[in-house]
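Take a look at the letters that make up each chain.
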Amino acid sequence: MNIIFHKAFYGVYDTDPAAAPGRMEPIIRKLEKHPHYKFIAPKPADIEDLQRAHSPEHIESIRQSAAIYEMAILAAGGAIKAAELAFLGEPSFGCIRPPGHHASADSCWGFCFFNNMAVSLLKLHADGKITSAFVLDFDLHRGDGNINILGGKEGFKILNPAGRNERDYLLEIASVLDEAEEYDIITASAGFDEYVKDWGGKLSTQAYREIGAMMKVFSKKRCGGKRYAILEGGYHYQDLGINIHAFCDGFR
C-alpha cells in the first residue's frame, strides 16, 4: 500500500493544531515500522488543479502567506497523487497537511485552505478517468467544503456518519455502503479526531481498522478495487500513528 508523504509536511506553517510541531512525526514513525507500506513523495498541485475547485480570489487570498500556500499546494498535490495511484488499482493513503474538507470554493476555515479531496477528484474527472465517486468523511466535523464543492455534482455521494456511539457509527457506514450503487472510486476524508482520547471521544483504534476494511470490501465489490484516503483531522498526537496504521491495515 502506498503512503503519500513529503518531509516538508514536518514543517510548521501556521499556529493551528493541524500545523503544530510533533503531529506528523509519530505517524511516520509508526508506518515506517511496516515494510508493506511504500512511501511516495508528491509534487505540488498546479494552478489548474486548484482552479477546478476554487475561485481565483480564494487562491490569491491563500497566496498572501507563502508558508501556508506552499504547504497547501503540496498537500493538494499529495491528494492528487493518492487519487491517481488509486485509479491504477493501488490503494493509497495521503499523509498530508494542511487538511482540506472545510475549504469551499470561495472560503475556508477549520485549519483548511484548499480542498484536497475536491482537487483530487476533480482532477480525475477532468482527465476522463471517473464520472462518479463515493466520499466517506469520518472526521469529527462535518466536511462542509466537500459538500459545497462536490455535493451537488452528479455521480458524487458524500457520507458524513452521525452515529452517537461507536456501534451506531459503524452500523451507519455499513448500511449505507451495503445499499450504495457502483462508483468509479471510493475515497475517504480521513479524520481521526473522533478517537476516544481526542476531541470526539467516540471511536476506538479497532473502529478505524473496521472502517478501512469496510471501504476495502466495498471498493472490490463496487469500484474495481479503486480506493484512497487522505488525512484530515486528528489531534491526539501520541496515538495518531496507531490509529492511522489501524485504518490502513484494514484498508490495504
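Quick note: structure is the one above.
Residues numbered from 1 in each chain as written. Predicted model: local features only at pLDDT ≥ 70, side-chain atom pairs only at ≥ 80, totals over all residues. Heavy atoms only, no water.

The helix and strand inventory of the protein stands at 9 helices and 7 strands. In terms of overall dimensions, the protein is globule-like: its C-alpha atoms have a radius of gyration of 16 Å, near the 18 Å expected for 252 residues. Considered along the principal axes of its C-alpha atoms, the protein spans approximately 45 × 40 × 35 Å. The burial tally for the protein puts 58% of its 252 residues in the buried class. Long-range pairs, those at least 24 residues apart, make up 76% of the contacts in the protein between residues at least 6 apart in sequence. Accessible surface, the protein as shown: approximately 10000 Å² in total, 49% of it carbon and sulfur. Of the side-chain charges in the protein, 28 are positive and 33 negative, and the distance between the mean point of each set is 7 Å. (Helix = DSSP H or I, 4+ residues; strand = E, 2+ residues; numbered from the N terminus. Rg over C-alpha atoms; globule rule 2.2 N^0.38 Å. Buried < 20%, exposed > 50% of the residue type's maximum accessible area, 1.4 Å probe, protein only. Contact = heavy atoms within 4.5 Å. Areas by Shrake-Rupley, 256 points an atom, 1.4 Å probe, with all protein chains shown as cover. Lys, Arg positive; Asp, Glu negative; His and termini not counted. Charge placed at Lys NZ, Arg CZ, Asp CG, Glu CD.)

Counting residues in hydrophobic clusters, the biggest one holds 87 residues, and the most contacted among them are Phe 93, Leu 121, Phe 138, Phe 192, Ile 211 and Phe 247. With 14 residues, helix α4 (residues 66–87) is the single largest residue contributor to this core. If we ignore the near neighbours within four places in the chain, the residues touching Phe 138 are Pro 161, Tyr 169, Ala 188, Ser 189, Ala 190, Gly 191, Phe 192, Glu 194, Tyr 208, Ile 211 and Phe 247. (Core = buried A, V, L, I, M, F, W, Y, C linked by side-chain atoms within 4.5 Å.)

We now examine the pairing of strand β6 (residues 186–190). With 5 of its 5 residues buried, β6 lies for the most part within the structure. Residues of β6 alternate between two faces, with Ile 186, Ala 188 and Ala 190 on one and Thr 187 and Ser 189 on the opposite face, all of them buried. In this structure, strand β4 (residues 133–137) lies alongside β6, joined through 4 bridges in parallel fashion. Note on β6: the bridge partner recorded for Asp 137 is Ser 189. The pairing of β6 with strand β7 (residues 227–231) spans 5 bridges and is parallel. When the bridges of β7 are listed, Ala 190 appears paired with Leu 231. Regarding topology, helix α8 (residues 205–222) serves as the crossover connection from β6 to the parallel β7, and that connection is right-handed. (Pairing = 2+ DSSP bridges. Right-handed = clockwise from strand over helix to strand, strands pointing away.)

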